[in-house]
Amino acid sequence: MAQRRDVPGIRPYDHSAGGWDALRAVATALRRQHVPARGTATLLRNNQPDGFDCPGCAWPDPKHTSSFEFCENGAKAVTWEATRKRVTPEFFAAHSVCDLWEWSDFALEGEGRLTHPLAYDAATDRFVPIAWDEAFARIGAALRALPSPDLADFYTSGRASNEAAFLFQLFARAFGTNNFPDCSNMCHEATSVGLPDSIGVGKGTVSLEDFDHADAIFSIGHNPGTNHPRMMTTLREASRRGVPIVVFNPLKERALERFASPQDPVEMASFGATPIASVYHQLRVGGDTAVLKGMMKRVLERDAADLAEGGKGVLDRDFIGTHTLGFEDLRADLDATSWEDIEAKSGLSRAALEAAGDIYVKAERVILCYGMGVTQHAHGTSNVQQIANFLMLRGNMGREGAGICPLRGHSNVQGDRTVGVTEKPGPALLQALERVFGFTPPAAHGRDAVASVQAMIEGRSRALICLGGNLAVAMPDPAATFAGMRKLDLAVHMATKLNRSHLLLAKESFILPVLGRTEQDMQAGGPQSVTVEDSMSMVHASRGTLKPASEHLRSEPAVIAGIAKATLQGAPGIDWDGMIANYDLIRTGIEAVFPDFYDFNARIRAPGGFRLDVPACRRVWRTPSGRAHFLVAEGLDEDPRSRSPGVLTLMTLRSHDQYNTTIYSLDDRYRGVFGRRDILFMNEADLVANGLEHGDKVDVAAVAPDGVGKGGVVTGLTAIAYDIPRGSAAAYYPEANSLVALANHDRRSGTPAYKSVAVRVRAAA
Ligand SMILES: Nc1nc2c(c(=O)[nH]1)N[C@H]1C(S)=C(S)[C@@H](COP(=O)(O)OP(=O)(O)OC[C@H]3O[C@@H](n4cnc5c(=O)[nH]c(N)nc54)[C@H](O)[C@@H]3O)O[C@H]1N2
Ligand SMILES: Nc1nc2c(c(=O)[nH]1)N[C@H]1C(S)=C(S)[C@@H](COP(=O)(O)OP(=O)(O)OC[C@H]3O[C@@H](n4cnc5c(=O)[nH]c(N)nc54)[C@H](O)[C@@H]3O)O[C@H]1N2
Ligand SMILES: [Mo]
């Protein structure tokens with residue numbers, strides 16, 4: 001290979017994940033946010049029995065009572081919220097919205113915590129302070145002025161607590177709509193829609209203890225070293241026990257290769273590390289259906305061979321016979337799928353997939369973990385169902401040490417759904433709300449995230465109330481999304497930090513600053529705790545300990561109640577003030593509506609909280625047939641456009657120094673990228689095929705959704721030669737979101753196909 005030219009900011013990083021660099025990164029984060037020594041005390045309270053739940057991710061804690069578990073990115077998430085920096089009324093007086101629009105997202109959020117409720121003033125093009133009650137009154141009046149409640153959308157980002165989310169859906173339904181766009185729609189909706197058809201529940205079935213009993217772990221399409229760092233403790237323990245860990249990921253993510261635990265004095269002192277993956281398969285982007293079908297085909301082949309030799313076979317025939325339907329259809333599909341197609345689509349050899357299938361067959365108890373690499377595809381729902389099929393072939397569902405483990409995104413995205421944030425409420429929820437709160441909630445299904453944005457674009461949505469998040473930047477196709485949001489009559493953002501969504505002005509726009517999870521929440525009835533649900537259905541309390549960033553902040557429940565009272569004006573007699581004075585009363589309401597939360601207030605006070613019932617864990621299948629279902633995925637091809645010559649399949653993903661649309665720094669240490677994010681990761685042979693060299697400036701154009709016309713374009717990226725399969729490419733989210741069309745989503749779950757975008761690359765114009 002010819003000597004590669006030097007590209008600024010690109011240098012190989014050969015250390016293990018974790019280790020001393022992780023400790024150094026935390027020290028830098030504390031310094032940048034001007035958080036002094038007390039920072040350490042803050043971090044120590046994170047995920048402690050009497051402290052706050054880490055806003056970083058939804059991975060559970062060992063009974064939530066463990067001693068401090070060091071986690072670089074959890075520390076960054078806490079530090080980001082506990083920053084000493086503030087965006088004050090003086091800041092807004094000095095900068096018009098027009099000026100701020102030119103700032104980068106990194107710079108906007110980097111200014112720190114919002115301190116005052118703000119309303120947009122068109123005369124000066126500035127956000128100006130407003131009294132809380134006046135803000136509530138104006139928002140209420142604007143909502144009441146809408147000809148129909150269905151002209152409003154209520155967005156939830158998954159950091160909101162159960163209490164806030166419950167009040168939010170209660171308010172929106174009392175107002176009269178089921179329009180609940182949710183960050184889950186961009187994330188694990190494929191799980192929430194796919195798994196109920198397979199196993200009767202849209203959640204994972206494993207608990208943390210199950211990992212102690214597993215004898216093989218499969219990891220598909222997630223990057224825990226960055227996004228679920230506390231999971232590394234679990235994977236490291238499993239690896240040290242000799243449990244095979246089989247990884248399928250287009251990129252060699254460093255933490256899945258080897259990890260040095262900052263909590264292990266020996267590893268730290270010796271600069272050692274623990275290998276994580278026992279085998280690492282770099283499949284092509286979008287090759288997961290092929291991989292899963294390949295491994296399942298191997299299981300059937302092994303089964304046939306074993307039977308031929310007089311054995312009992314390798315399928316769990318008891319389980320399949322007693323608990324499932326659809327096995328013969330699956331078998332027919334696998335028989336009809338050729339190894340040739342599987343190899344072509346996955347980019348992996350038959351031998352590699354057979355070996356992976358053999359590890360699966362040898363293990364008695366298998367857990368399969370997955371993330372956005374599986375769900376954010378046009379076939380996301382069916383990908384998830386293939387995972388369930390794979391596990392069920394050997395009864396790896398609903399027993400100790402085995403099961404399916406979706407790694408949720410935001411720390412309470414699962415809980416928000418559990419307590420009623422859903423655009424498709426079932427009869428049980430509707431009846432319970434009516435019984436408990438005395439009003440008839442709307443039954444007609446509402447809008448999810450893609451549908452909401454489409455409605456804004458088409459003028460069918462006139463008001464947007466956001467419980468956190470940065471909807472405009474998180475969604476596909478910023479040009480269309482931004483234009484849609486600018487057409488609104490009313491935009492309300494409950495937020496901790498300034499972001500671009502707030503600058504998309506409606507006729508009336510408000511930014512309402514709220515307490516973060518790390519902060520004390522004092523109400524008339526004393527200090528309050530909230531609750532959250534982690535990826536493994538454990539519900540526990542979270543109590544902030546820090547002094548609030550400003551005396552003007554209100555809690556999310558209090559702001560929702562304020563808007564609700566001003567909008568509903570007494571109807572239908574919900575005791576908003578009582579619930580805000582004492583959140584126990586909100587929890588009493590949750591318990592009355594959702595029977596699974598029985599004794600909520602008592603159980604939440606026990607250390608570690610409690611686990612919500614997941615019937616599939618008991619091999620109870622809440623499907624119409626009462627059985628679990630093998631479900632067939634049609635073919636292997638997600639997007640026929642990706643087969644055209646010269647087309648690459650692009651995934652958009654997170655760096656190590658980012659939390660969704662929040663950018664902590666411009667580094668992505670493990671991938672060897674420093675001080676920049678304008679990078680396109682490509683296979684060297686694809687560079688050559690496009691007449692490009694490592695370090696060339698390129699323009700990337702999406703192949704239009706219908707194969708003709710115009711798709712989105714991102715210009716001026718620097719293409720680098722990277723260890724990624726041929727035909728696949730990668731770029732950072734959200735910078736690359738212009739390439740993702742709103743229409744490019746999974747038809748069944750609405751999840752945008754952020755990880756399968758057909759693109760062409762050419763030298764920059
Ligand atoms: N520090 C930090 N923590 C976070 C977040 C954050 O941004 N920063 N975000 C939170 C949220 S909301 C979420 S949803 C989670 C996200 O956590 P993850 O699920 O880990 O999300 P990503 O980083 O987007 O991408 C995951 C991985 O999928 C791989 N991948 C891409 N395409 C494919 C494919 O086609 N097949 C396979 N098998 N793999 C593929 C990528 O190489 C990458 O390693 O993390 C949560 N935790
Ligand atoms: N191309 C591409 N796009 C993606 C993805 C991808 O992988 N690729 N991933 C998708 C995924 S998985 C997700 S979950 C979405 C994320 O979408 P969102 O959840 O909408 O986005 P975040 O970036 O997490 O939101 C950040 C903002 O939340 C506010 N905030 C932070 N903490 C709090 C709090 O405690 N309370 C309140 N009220 N506000 C708070 C701050 O103002 C901050 O600016 O993005 C999606 N978009
Ligand atoms: Mo997410």
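Note that the structure is a prediction, hence the values are computed from the model and not measured. Residue numbers run consecutively from 1 along every chain, following the written order of its sequence. As they are written, the chains are lettered A onward and the ligands numbered 1 onward, keeping that order. Selection of residues for local features in this predicted model requires a pLDDT of at least 70, selection of side-chain atom pairs for listing and counting requires 80 or more, and totals for whole chains, interfaces and linings are taken over all residues. The basis for every side-chain value is the complete set of heavy atoms in the structure, and neither hydrogens nor water enter the calculation.

**Concerning the domain arrangement of the chain**
An automatic or database domain assignment is the source of the domain bounds shown. Each domain of the chain was delimited in the assignment, giving domain 1 (17–82), domain 2 (86–185 + 413–603), domain 3 (189–406) and domain 4 (642–763). With centres defined by C-alpha atoms, the gap from domain 3 to domain 4 works out at 26 Å. Contacts are assigned to residue pairs with any non-hydrogen atoms lying within 4.5 Å of each other. On the side of domain 4, 27 residues touch domain 3, which itself brings 29 residues to the contact. Carbon and sulfur atoms supply 52% of the area buried between domain 3 and domain 4, which totals about 2200 Å² over both sides. Ranking the residues of domain 3 by area buried against domain 4 places Leu 251, Val 285 and Gln 376 at the top, with a combined share of 29%. Throughout this description, the term salt bridge denotes a Lys or Arg side-chain nitrogen within 4 Å of a carboxyl oxygen of Asp or Glu. The tally of links from domain 3 across to domain 4 stands at 1 salt bridge. Between Glu 253 and Arg 671 there is a salt bridge, with its nearest N and O atoms 2.8 Å apart. Elements are defined by DSSP. Helices are runs of H or I of four residues or more, strands are runs of E of two residues or more, and each kind is numbered from the N terminus. Residue assignment for the side of domain 3 that touches domain 4 shows that the elements contributing at least two residues are helix H9 (189–199), helix H11 (224–227), helix H20 (372–375) and helix H21 (380–392). Here the side of domain 3 that touches domain 4 is composed, by residue class, of 8 nonpolar, 14 polar and 7 charged. For any pair of parts, buried area is found by adding up, for both, the accessible area (1.4 Å probe) each one loses once the two are put together. Each residue gets one of three labels, nonpolar for Ala, Val, Leu, Ile, Met, Phe, Trp, Tyr, Cys and Pro, charged for Asp, Glu, Lys and Arg, and polar for the others, Gly among them.

**Examining the site of ligand 2**
Within the structure, ligand 2 sits among 32 residues, and Glu 109, Tyr 155, Glu 556, Thr 661 and Asn 737 are positioned closest to it. Polar contact is the term for a pair of N or O atoms within 3.5 Å; when the atoms are in protein, one must be able to donate a hydrogen and the other to accept it, and sequence-neighboring residues count only if both atoms are side-chain atoms. One nitrogen or oxygen atom from the side chain of Tyr 155 is found 2.6 Å from an oxygen atom belonging to ligand 2. For ligand 2, an oxygen atom lies 2.7 Å from a polar atom in the side chain of Tyr 733. Note on areas: Shrake-Rupley with a 1.4 Å probe; residue coverage comes only from the protein chains shown. The fraction of the free accessible surface of ligand 2 (930 Å²) that becomes covered by protein chains is 97%. Near, as used in this document, describes a residue that has one of its heavy atoms within 4 Å of the molecule or strand being considered.

**So, helix H19 (residues 350–362)**
Given 3.6 residues per turn, any residue in an α-helix points the same way as the ones three and four places further on. Each helix should span, by expectation, one fewer than its residue count multiplied by 1.5 Å. Taking 1.5 Å of rise per residue, the 13 residues of H19 would be expected to cover 18 Å, and the 18 Å separating its terminal C-alpha atoms lies within 8% of that figure. Among the residues making up H19, those that are buried are Ala 352, Leu 353, Glu 354, Ala 356, Gly 357, Tyr 360 and Val 361. Partly exposed describes any residue whose relative accessible area lies between the buried limit of under 20% and the exposed limit of over 50%, with all areas from a 1.4 Å probe on protein chains only and scaled to the type maximum.

**Here's the deal with the sheet that holds strand S1 (residues 17–18)**
In space, the 3 strands of this open sheet follow the order S1-S9-S10, with mixed pairing throughout. Looking at strand neighbours, the two that pair on one side only are S1 and strand S10 (274–275), the edges of this open sheet. DSSP-based pairing: two strands are paired if at least 2 bridges between them are found.

**Description of the state of the cysteines**
Cysteine sulfur atoms are paired as a disulfide whenever they fall within 2.5 Å. If you walk through the whole model with that rule in mind, you get 0 disulfides. With no disulfide of its own, Cys 54 lies closest to Cys 71 among cysteine sulfurs, the gap being 5.9 Å. Residue Cys 54 is classed as buried on the basis of its relative accessible area, which comes to 2%.

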